[in-house]
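Remarks on the overall topology
The primary structure of each chain is shown beneath.
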Amino acid sequence: MNLSGTFISGEHPTEGTVQIVVESEQRFVELQQDFKTSHLGPDLRVVLHRLEDVIGSTTPPDFPIKEQEIFLLDRLQSFTGKQRYLIPSWLDLANYQSVAIWCYAFNATFGAAKLNGQ
C-alpha cells in the first residue's frame, strides 16, 4: 500500500503532503513535515473522506461536508509538521479516497488531499 496526496486549501490555507503508512501491522495517516494549516480553527479534526474531490464537491467559503461521508480519526495534534493518526484495523480503507482537515465546530473544511496510488 503506497497511498499519498497533496493538500488543497479550502476554508483556510492548507498545504503539504500526507501518506498512509503501515508499521508493525498498524496503519496510520501521516501528515508530513511540510504540512501546514491555519491556526484559526477552534476544533480541527483529521478525517478520512469517501470522495476523491472533497473541496470541489463542497460549497465555498466554508466547504461543509456531510458527516456520513467521513471517518473521524482524531483531533489535529499540531497546525504544522509531521504527525500520525491511527487508522482502526477494522476500517476498510478502500472506501475512503481523501484525507481532510475539518473544523468540527463550524463544519468547515480547511483543506483536503486526494489519496493517489490505490
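The structure displayed is predicted, hence computed values, not measured ones.

Cut-offs and rules
Residues numbered from 1 in each chain as written. Predicted model: local features only at pLDDT ≥ 70, side-chain atom pairs only at ≥ 80, totals over all residues. Heavy atoms only, no water. Pairing = 2+ DSSP bridges. Helix = DSSP H or I, 4+ residues; strand = E, 2+ residues; numbered from the N terminus. Axes fitted to C-alpha atoms, helices over the stretch in contact; angles between N-to-C directions. Contact = heavy atoms within 4.5 Å. Polar contact = N/O pair within 3.5 Å; in protein donor to acceptor, adjacent residues only side chain to side chain. Buried < 20%, exposed > 50% of the residue type's maximum accessible area, 1.4 Å probe, protein only.

Next up on the list: the sheet that holds strand β5 (residues 26-31). Paired through backbone hydrogen bonds, the strands of a sheet run either parallel or antiparallel to each other. Taken in spatial order, the four strands make up an open sheet running β1-β4-β5-β9, and their pairing is antiparallel. If you trace the sheet from one side to the other, it starts and ends with β1 (4-6) and β9 (83-87), each paired once. Averaged over neighbouring strand pairs, the angle between their axes works out to 25 degrees when direction is ignored.

By secondary structure assignment, the location of Arg50 is in the loop between β7 (44-49) and β8 (70-75). Sequence separation of Arg50 and Arg84 is 34 residues, and the distance between their C-alpha atoms is 20 Å. Those residues within four positions of Arg50 in sequence are excluded, and the remaining contacts are Gln68, Glu69, Asn95, Tyr96 and Gln97. Polar contacts involving the side chain of Arg50 include one to the side chain of Tyr96, which spans 3.4 Å.

A cis amide bond links Pro60 with the next residue in sequence, Pro61, at an omega value of 0 degrees. As for its position among the elements, Pro61 is in the loop between β7 and β8. For Ser24, which is not glycine, the phi dihedral falls at a positive 50 degrees. Note on placement: Ser24 falls in the loop between β4 (17-23) and β5. Classification of Ser24 as exposed rests on a relative accessible area of 65%. Phi at Asn107 is positive, roughly 45 degrees, even though this residue is not glycine. Relative to the helices and strands, Asn107 resides in the loop between β10 (98-103) and β11 (108-114). A residue is classified by how much of its surface remains accessible, and Asn107, at 24% relative accessible area, is partly exposed.

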